[in-house]
Amino acid sequence: GAVKEGRHEFQASVVDMVGDLLQTISVATQQAVEEAQGQVDGVDADRAARHAALAAAQDALPTLQAAVAARQDIEAAAKATLSEAHEKAAVATEAESSGKFSYDEVAAQVAELLVALEALAALKGASADSSKEGKAQHKQLAHVSHKYALDTTLVEAVL
């Protein structure tokens with residue numbers, strides 16, 4: 001090439017532009033190198049932080065596994081209790097639906113029998129069978145004995 005003083009104005013401007021471009025590339029490359037060096041320098045600290053986090057997680061793992069196992073045991077016990085409750089409810093429902101009498105029917109029969117027993121007790125203590133009260137008690141006992149198919153000879157003997 002031509003020496004600097006012997007260059008044409010156009011050549012000098014091209015040389016200046018190429019020089020500026022190379023300077024810009026050099027600065028950008030230097031910045032990239034510095035950033036990469038910062039990352040390289042931080043690798044040791046980053047590695048140490050990751051190792052510390054790993055160690056903490058490994059230390060916590062047995063405790064967490066024990067907690068999970070305890071929760072699973074609690075869940076299994078709850079499921080067993082629930083299953084047992086469902087079975088008992090099914091048995092109770094079956095017993096109720098297959099039973100000959102419902103609770104209300106049995107309670108009504110018991111009440112009716114208690115009234116009949118009171119009538120019998122009143123008849124045993126009373127001397128006048130011809131009174132209106134005595135006839136009502138006889139009628140009550142006859143109704144109960146017929147309803148529950150009691151032996152008529154036994155009922156007549158008591159009356």
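Rules of the game
Residues numbered from 1 in each chain as written. Predicted model: local features only at pLDDT ≥ 70, side-chain atom pairs only at ≥ 80, totals over all residues. Heavy atoms only, no water. Helix = DSSP H or I, 4+ residues; strand = E, 2+ residues; numbered from the N terminus. Buried < 20%, exposed > 50% of the residue type's maximum accessible area, 1.4 Å probe, protein only. Contact = heavy atoms within 4.5 Å. Areas by Shrake-Rupley, 256 points an atom, 1.4 Å probe, with all protein chains shown as cover. Salt bridge = Lys/Arg side-chain N within 4 Å of Asp/Glu carboxyl O. Expected span 1.5 Å × (residues − 1). Bend = angle between axes of the 7 residues up to and from the residue. Core = buried A, V, L, I, M, F, W, Y, C linked by side-chain atoms within 4.5 Å.

We now examine the overall build of the protein chain. Of the regular secondary structure elements, the protein chain holds four helices and zero strands. Mapped from its N terminus to its C terminus, the protein chain presents α and β elements in the order α-α-α-α. In the protein chain, buried positions account for 7% of the 159 residues. Residue pairs at least 24 apart in sequence account for 45% of intrachain contacts in the protein chain once pairs closer than 6 positions are excluded. Of the accessible surface of the protein chain, which amounts to about 13,200 Å², a share of 61% is contributed by carbon and sulfur atoms.

Our focus in this paragraph is the pattern of salt bridges. Per the counting criterion, the structure on display carries four salt bridges. Here D44 makes a salt bridge to R47, at a shortest N to O gap of 3.8 Å. Of this pair, D44 and R47 both sit in helix α1 (residues 9-98), three residues apart, which is roughly one turn of the helix. Residue R47 is classed as partly exposed on the basis of its relative accessible area of 46%. Across the pair R50 and D46 runs a salt bridge whose closest N-O atoms are separated by 3.3 Å. Here the residue R50 and the residue D46 both occupy positions in helix α1, the gap between them amounting to four residues, near one helical turn.

Residues three or four positions apart in an α-helix share a direction because the helix packs 3.6 residues into each turn. Along its 90 residues, α1 runs just 117 Å from first to last C-alpha, ending more than 12% under the 134 Å computed at 1.5 Å per residue. The largest bend in α1 comes to about 40 degrees, at V43.

Moving on, we get to the side chain of E112. Secondary-structure assignment places E112 in helix α2 (residues 103-125). According to the relative accessible area criterion, E112 is buried, its value standing at 17%. Non-local contacts of E112, meaning those with residues more than four positions away in its chain, are made with Q140, H143, V144, K147 and Y148.

In this structure, A116, A119, L120, L141 and V144 together form the largest nonpolar core, which totals five residues. Sorting the residues of this core by element identifies α2 and α3 (132-147) as the ones contributing at least two each. Per-element accounting of this core gives the leading share, three residues, to α2. Apart from the residues lying within four places of it in its own chain, the contact partners of A116 are Q140, L141 and V144.

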